[in-house]
Amino acid sequence: MKTLKFLIILLWILFSKSYDAYCTFQHTPDLSKEANPLVSLLGFNWFWLLLVIGLLTIYTCYTLYLISFKSIKLYPQEKGYSFSNFIAHMYFGKKSSLLSILYKFPSIKDERFHYTFGNIFVRYLVFAGFVSTIMWLLINNSELYKNIHNAFVIYGILISGTFLIVYNYYKANYNKYQMQ
């Protein structure tokens, strides 16, 4: 069952990222209409855009493998952590304040780094894949949607969804921790 779940998620991420790139190229081959901040703010061309997105996608697929088949214990051994202390412990592996996750990162050499970001990135790419696929299907098949499509709304959905994903991920783990 683990292998099937891994393959479904992996294939979805690869398909949805590829479909997004294909549709973007069809819609704006010169990237003049692209809203991705890598293009609109940083001025990336196709090479750099695909390189960065490709590397992040490969990294996320690697972390999907880790979280699927080589899980580690992220929970504190002690009981009684508050939700905010629990989040910080999952992030750093030691008791810390929630605010510290805004200005500190776990060491990239620490496997916790890959599990922490991997769990979030995988969930985000699955969600973003649904958003972008639905968006492109509507752009390519609905004149009504084409007229109301707005990158601000799409990014609002993606950012709001990210906050919900992060909260739900930590809340579900906190509930499991409390049940131990």
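Along every chain, residues carry numbers that run from 1 in the direction the sequence is written. A pLDDT threshold of at least 70 governs which residues receive local features in this predicted model, and a stricter bar of 80 or more applies before side-chain atom pairs are shown or counted, although totals over entire chains, interfaces and linings include all residues. Side-chain metrics in this entry use all non-hydrogen atoms of the structure; hydrogen atoms and water are not considered.

A. Here's a closer look at the packing of helix 1 (residues 2-27) against helix 3 (residues 46-69). Running from N to C, helix 1 and helix 3 point in directions that differ by 170°, and their axes come no closer than 10 Å. One element, helix 1, and the other, helix 3, form an angle in the roughly antiparallel class. Of the residues in helix 3, those in contact with K2, T3, F6, I9, L10, I13, L14, K17, A21, T24 and F25 of helix 1 are W46, L50, I53, T57, T60, C61, L64, Y65, S68 and F69. Axes, fitted as lines to C-alpha atoms, cover a helix only where it is in contact. Angles between the N-to-C directions of the axes lie from 0 to 180 degrees. Only runs of H or I of at least four residues qualify as helices and only runs of E of at least two qualify as strands under DSSP, and these elements are numbered from the N terminus. Roughly parallel refers to an angle under 35 degrees, roughly antiparallel to one over 145, roughly perpendicular to one between 65 and 115, and oblique to any angle outside these ranges. Two residues qualify as a contact provided that any one of their heavy atoms is within 4.5 Å of a heavy atom in the partner residue.

B. Structural detail: the nonpolar core. By nonpolar core is meant a set of buried Ala, Val, Leu, Ile, Met, Phe, Trp, Tyr and Cys residues that side-chain atoms within 4.5 Å join together. Per-residue accessibility, obtained with a 1.4 Å probe over protein chains only, is compared with the maximum for each type, and a residue is labelled buried under 20%, exposed over 50%, and partly exposed between these values. Counting 17 residues, the largest nonpolar core has L74, Y75, F86, M90, Y169, Y170 and Y177 as the members making the most contacts within it. Taken together, the elements giving at least two residues each to this core come down to helix 4 (83-92), helix 5 (111-141) and helix 7 (151-179). Not counting chain neighbours up to four residues away, the residues in contact with M90 comprise L74, Y75, R112, T116, Y169, Y170 and N173.

C. A look at the pattern of salt bridges. When a carboxyl oxygen of Asp or Glu lies within 4 Å of a side-chain nitrogen of Lys or Arg, that pair is called a salt bridge. What the rule picks out here adds up to one salt bridge. One salt bridge connects K146 with E143, and the closest N-O pair in it is separated by 3.3 Å. Here E143 and K146 lie together in helix 6 (residues 143-148), a separation of three residues that amounts to about one turn. On the basis of relative accessibility, which here comes to 42%, the residue K146 falls in the partly exposed class.

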